[in-house]
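# Examination of the molecular architecture
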Amino acid sequence: MKFPCILIVLYTYHMIELIIKKRNGFELNKKEYKTIIDGFLSGKIPDYQVSAFLMAVYFKGMTTDETAILTDVMMRSGDLIDLSEIKGIKVDKHSTGGVGDKTSLVLAPLVAAAGVPVAKMSGRGLGHTGGTLDKMESIKGLSVNISKQEFIDNVKKHNIVICGQSANLVPADKALYALRDVTGTVDNISLIASSIMSKKLACGADAIVIDIKVGYGATMKTIEQAEILAKMMIGIGSKMNKKVITVFTSMSEPLGFSIGNALEIKEVIATLKGQGPEDLTALCLELGSHMLVLAGESKTQNEAVEVLKNLIASGKAYEKFKELVTAQGGDVHLIDHPELLPSTKFQKVYRSKKNGFIHELNALDIGLASVKLGAGRETKDSQIDYGAGILLKKKIGDYVKINDELAILYSNTESNFLKAMEFLDLAYTISEDKPKPKALILKTMI
């Protein structure tokens, strides 16, 4: 009866040595990282010791080799999805998160319509950034919780699935992220890289395109930070014989015009019909072209872009989105009639207070405003208002006059507008001089 207690003491004592080793800047090996992860998940190593270790990593960092080892150990902490029975190269896409970023919901059906299997597990909103799963759940009946076998079957039958992470897929990441979130260690490059890559690799992807957001509304505020993260993830992929392409994209302003779950689904539908915002369409063509080349469906990016444009023009991409919704139990009637998607009791117009050109439209403040309206979660237990959000009427470079409409705010709680308006006051910078155009695609690293 005393053996379990003795084991816990031994784990705890060894963990102290590992904390000190990392605190002093030394590398840990695979056996040591496995000890940490296994001990943490089994409860033999307490939260406070893992928290201390995470803080040591935050300050001392990890090499690419170390990060690859941690990624591998995390990846193997739960189920692995084997997609080998599905023909073709399976290509996944990941975004580091942004405001108005509904790219996955356009990109997945677009690429799947080209004949490339897209097996994607996505996440929910974090802070000011929206989540793909929350957007999907604004479609009545649609389920993002499917079994491992359903995941594989849907890809085999429809060439596409987008769902939530299963309970036993990379449990180490869930447990570690919960601690990182409350210990100020979220924005460490190695921990970000291992979190992203462990989940992508566990899902069975052969190749991965990663959209690294850079700017006000992104985790990576500078190109320099993004480059470090990109090199780390490319290095991890290389060590695991997976091809990784990273594309740096601007998040200096929201992507598209809609921020909020049902509002963004409407914009997804418009984009798949060829009527979407220029920036969202351009980004999907850029990322999608890399996916088609990686999958061997196109020889060059230019060729791939033409394929994707034709799929939009022919309606095949839109039909694939409807197929995705139907396969996962959603009411496809809402896709043909998006005006029936969730709406709100109240709306309020935000107007310009001066004449001039919009110089800045801070994505972070817009994202925080949408959370205040109910479109995001202020705590993990917050309920999402699927109809809430913001519809932008003007963006950077547009000329506006006093009292012009800048945005329309939507919420089912009228008192939410006051705080949201305060964030919009911070988001907009209007001046006399016209700003220089800002690039959307900043850089590509392979």
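Residues numbered from 1 in each chain as written. Predicted model: local features only at pLDDT ≥ 70, side-chain atom pairs only at ≥ 80, totals over all residues. Heavy atoms only, no water.

## Re the sheet that holds strand β6 (residues 258-259)
Pairing within the open sheet is antiparallel, and its four strands lie in the order β6-β9-β11-β7. The sheet terminates laterally at β6 and β7 (346-351), the two strands that pair on one side only. Here β7 runs beside strand β11 (residues 405-411); their pairing, made up of six bridges, is antiparallel. Within the sheet, the bridge partner assigned to Phe346 lies in β11 and is Ser411. (Pairing = 2+ DSSP bridges. Helix = DSSP H or I, 4+ residues; strand = E, 2+ residues; numbered from the N terminus.)

## Describing the side chain of Lys322
Here Lys322 lies in helix α14 (residues 316-327). By relative accessible area, Lys322 is classed as buried at 14%. Polar contacts involving the side chain of Lys322 include one to the side chain of Asp336, which spans 3.1 Å. Discounting chain neighbours no more than four positions away, the residues touching Lys322 are Val332, Ile335 and Asp336. (Buried < 20%, exposed > 50% of the residue type's maximum accessible area, 1.4 Å probe, protein only. Polar contact = N/O pair within 3.5 Å; in protein donor to acceptor, adjacent residues only side chain to side chain. Contact = heavy atoms within 4.5 Å.)

## Description of the pattern of salt bridges
Tallied over the full model, the rule gives 24 salt bridges. With its nearest N and O atoms 2.8 Å apart, the salt bridge here joins Lys156 to Glu85. Residue Lys156 is located in helix α7 (residues 148-158), and its partner Glu85 is located in the loop between α4 (64-75) and β1 (91-95); the two are separated by 71 residues in the primary sequence. Residue classification places Lys156 among the partly exposed residues on the basis of a relative accessible area of 48%. Of the charged contacts, one joins Lys419 and Glu422 as a salt bridge, the two residues approaching to 3.3 Å between their closest N and O atoms. A residue pair is termed a helical-turn pair when its members lie 3 or 4 positions apart in one helix, as Lys419 and Glu422 do in helix α17 (residues 416-427) at three residues. The partly exposed category is assigned to Lys419, whose relative accessible area is 38%. Glu422 gets classed as partly exposed once you look at its relative accessible area, which sits at 38%. (Salt bridge = Lys/Arg side-chain N within 4 Å of Asp/Glu carboxyl O.)

## A look at the packing of helix α5 (residues 103-113) against helix α12 (residues 278-294)
The interhelical angle for the contact between α5 and α12, taken along N-to-C directions, is 45 degrees, at an axis separation of 10 Å. On the basis of the axis angle, α5 is oblique to α12. Helix-helix and strand crossings are classified by hand; for α5 and α12 the assignment is right-handed. In this structure, α5 uses Thr103, Val106, Leu107 and Val111 to contact α12, whose residues at the interface are Leu280, Leu283, Cys284, Leu287, Gly288, Met291 and Leu292. Looking at the contact of α5 with α12 residue by residue, the classes come out as nine nonpolar, two polar and no charged. (Axes fitted to C-alpha atoms, helices over the stretch in contact; angles between N-to-C directions. Parallel < 35°, antiparallel > 145°, perpendicular 65-115°, else oblique. Left-handed = near helix turned anticlockwise from the far one by under 90°. Nonpolar A, V, L, I, M, F, W, Y, C, P; charged D, E, K, R; others polar.)

## A word on the sheet that holds β1
Pairing is mixed across the open sheet formed by four strands, whose spatial order is β1-β4-β5-β13. A single partner strand is all that each edge strand has here, and the edge strands are β1 and β13 (441-445). For this sheet, the mean inter-axis angle between neighbouring strands, taken without regard to orientation, is 15 degrees. Contacting β1, β4 (207-214), β5 (243-250) and β13, α12 runs over the sheet at an angle of about 155 degrees to β4.

## Digging into the packing of aromatic side chains
Under the defined criterion, the tally for this structure stands at four aromatic pairs. With a centroid separation of 6.1 Å and an interplanar angle of 75 degrees, the aromatic rings of Tyr33 and Phe53 are classed as edge-to-face. With Tyr33 in helix α2 (residues 30-42) and Phe53 in helix α3 (residues 47-60), this residue pair connects regions lying 20 residues apart in the sequence. Both residues of the pair, Tyr33 and Phe53, count as buried. An angle of 85 degrees between the planes, with centres 5.4 Å apart, marks the rings of Tyr58 and Phe59 as edge-to-face. The ring of Tyr318 carries the charged tip of Lys273 above its face, separated from the ring centre by 4.9 Å. (Phe/Tyr/Trp six-rings, centres within 6.5 Å; stacked < 30°, edge-to-face > 60°. Lys NZ or Arg CZ within 6 Å of the ring centre and 35° of its normal.)

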